[in-house]
Amino acid sequence: MSSFKKGGIFILSSPSGAGKTTLVKKISKNRNFSISISHTTRSPRPNEKNGKDYFFISKNNFKKLIKKGEFLEHAKVFDNYYGSSKKLVNEKINKGKNIIFDIDWQGTRQIKNKNLKYKLLTIFILPPSKSELLKRLLKREKKNMKTVKKRMKEFKKDLLKWKEYDFVVINDKLNLCYKKIMKVIKNKGKFSFDRNFINKHVKSLLN
Ligand code: ADP
Ligand code: 5GP
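Please read these numbers as outputs of a predicted model, since none were measured by experiment.

### Describing the side chain of Thr108
Move 1: By the element assignment, Thr108 lies in helix H4 (residues 105–113).
Move 2: Thr108 sits in the buried class, given a relative accessible area of 2%.
Move 3: Polar contacts involving the side chain of Thr108 include one to the side chain of Ser13, which spans 3.3 Å.
Move 4: Those residues in contact with Thr108, other than ones at most four positions away along the chain, are Ile11, Ser13, Ile103, Thr122 and Tyr165.

Below you can see the structure in the form of structure tokens.
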């Protein structure tokens, strides 16, 4: 990886509720960074806007888009379909924009396997603790226990995917985590993280 000045792909993944959407939005405020707005069959949350947070579409329309080959990647997550539009990504990246993706490990695998000509950096976000993750999910989902339970159920499976990512970071204090990510992004691909420490942290989350 030479430089991330122009036209790179940055993927953020995490167990649901760890904070990747918050971080993606913060990163996108930097000049020349743009979010890949996904399509989803999930219903919008009260604060979400069509075309800004997601393109909210029906299952039928989603299936049509799959058939037409419109997705760079797509996956079923928590009973809903999510996908990244090839066209939207290409339009932005060909203008030299850095594109930030908030997608799960299935989509990340698909993009990695495509060996695209663009620089690619994958980042995995961990919560500081399981209790804090639950707290964040309860806050965001307005205590909708069905949704919270479903997401907590997938937590362990998602967590174990951290090993597939280039950089892994704990989102405890938001600003600190954001700064760490920006440092890695600006560091022209030269970075490292303490694997042993992360491994121990993951084990503590699994207990
Ligand atoms: P994800 O996209 O990983 O599912 P979100 O970005 O939606 O997670 O964050 C889940 C909730 O946690 C949101 O209410 C968000 O405001 C909050 N949150 C995110 N990062 C932090 C943090 N570092 N400290 C406290 N709350 C946070
Ligand atoms: P949420 O419903 O909380 O917005 O997202 C649920 C999960 O779907 C998160 O892990 C999020 O990263 C993932 N996701 C969102 N958009 C996409 C996408 O376009 N493709 C894939 N593969 N996952 C996505």
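Following the structure, the description resumes.
### So, the nonpolar core
Move 1: Ranked by size, the top nonpolar core spans 36 residues in total, and within it Leu12, Ile27, Leu126 and Ile181 carry the most contacts.
Move 2: Put simply, the parts of the chain that give this core at least two residues each are strand E1 (8–13), helix H1 (20–27), strand E8 (119–126), helix H5 (130–140), helix H6 (145–159), strand E9 (167–170), helix H7 (174–186) and helix H8 (195–206).
Move 3: Of the residues forming this core, the biggest block, 6 residues, is contributed by H7.
Move 4: Among all residues touching Leu126, those that are not within four sequence positions of it are Ala18, Leu159, Val168, Val169, Ile170, Asn171, Ile198, His201, Val202 and Leu205.
Move 5: Judged by nonpolar contacts, the second largest core, of 10 residues, contains Ile9, Phe101, Ile111 and Tyr118.

### Some points on the side chain of Ser36
Move 1: In this structure, Ser36 sits in the loop between strand E2 (33–35) and strand E3 (39–40).
Move 2: Overall, the relative accessible area of 8% leaves Ser36 in the buried class.
Move 3: If near-sequence neighbours (up to four positions away) are discounted, Ser36 is found in contact with Ser84, Val89, Ile99, Ile100 and Phe101.

### What about unusual backbone geometry?
Move 1: Even without glycine at this site, Asn32 takes up a positive phi of about 70 degrees.
Move 2: Secondary-structure assignment places Asn32 in the loop between H1 and E2.
Move 3: With a phi angle near 60 degrees, Lys143 is a residue other than glycine that sits in the positive phi range.
Move 4: Tracing the sequence through the fold places Lys143 in the loop between H5 and H6.

### Here we look at the site of ligand 2
Move 1: Around ligand 2 sit 18 residues, and of these Ser38, Arg42, Tyr54, Tyr82 and Arg151 come closest.
Move 2: Contact between ligand 2 and Tyr82: an oxygen atom at 2.5 Å from a side-chain N or O atom of the residue.
Move 3: Here a nitrogen atom of ligand 2 sits 2.8 Å away from a polar atom, N or O, in the side chain of Asp104.
Move 4: In isolation ligand 2 offers 510 Å² of accessible surface; the protein chains occlude 97% of this area.
Move 5: A molecule is said to occupy a pocket when more than half its atoms come within 2 Å of that pocket's grid points, and by this definition ligand 2 occupies the largest pocket.
Move 6: Going through the elements one at a time, strand E5 (71–77) and strand E6 (80–85) are the ones with two or more residues in the shell around ligand 2.
Move 7: Residue composition of the shell around ligand 2, grouped by class: 6 nonpolar, 4 polar and 8 charged.

### A few points about H8
Move 1: In this model, H8 (12 residues) spans 16 Å end to end at C-alpha, consistent with the 16 Å of a helix rising 1.5 Å per residue.
Move 2: All buried positions along H8 are accounted for by Ile198, His201, Val202 and Leu205. Around the axis of H8, the buried residues are gathered within 100 degrees of arc, so they sit on the same side. Counted as exposed and oriented over 90 degrees from the buried face of H8: Asn196, Lys200 and Lys203.

### Side note on the packing of H1 against H7
Move 1: Following both chains from N to C, one finds H1 and H7 inclined at 55 degrees, their axes separated by 11 Å at the closest point. Our classification of the angle between H1 and H7 gives oblique. Here H1 and H7 pass one another in a crossing that is right-handed. Contact residues: Thr22, Leu23, Lys26 and Ile27 in H1; Leu174, Asn175, Cys177, Tyr178, Ile181, Met182 and Ile185 in H7.

How each quantity is defined
- Residues numbered from 1 in each chain as written.
- Chains lettered and ligands numbered in written order.
- Predicted model: local features only at pLDDT ≥ 70, side-chain atom pairs only at ≥ 80, totals over all residues.
- Heavy atoms only, no water.
- Helix = DSSP H or I, 4+ residues; strand = E, 2+ residues; numbered from the N terminus.
- Buried < 20%, exposed > 50% of the residue type's maximum accessible area, 1.4 Å probe, protein only.
- Polar contact = N/O pair within 3.5 Å; in protein donor to acceptor, adjacent residues only side chain to side chain.
- Contact = heavy atoms within 4.5 Å.
- Core = buried A, V, L, I, M, F, W, Y, C linked by side-chain atoms within 4.5 Å.
- Near = heavy atom within 4 Å.
- Areas by Shrake-Rupley, 256 points an atom, 1.4 Å probe, with all protein chains shown as cover.
- 1 Å grid on protein atoms, 1.4 Å probe; cavity = no way out; pocket = protein on both sides within 12 Å on 5 of 7 lines; lining within 4 Å.
- Sits in = over half its atoms within 2 Å of the grid points.
- Nonpolar A, V, L, I, M, F, W, Y, C, P; charged D, E, K, R; others polar.
- Expected span 1.5 Å × (residues − 1).
- Arc of directions from axis to C-beta.
- Axes fitted to C-alpha atoms, helices over the stretch in contact; angles between N-to-C directions.
- Parallel < 35°, antiparallel > 145°, perpendicular 65-115°, else oblique.
- Left-handed = near helix turned anticlockwise from the far one by under 90°.

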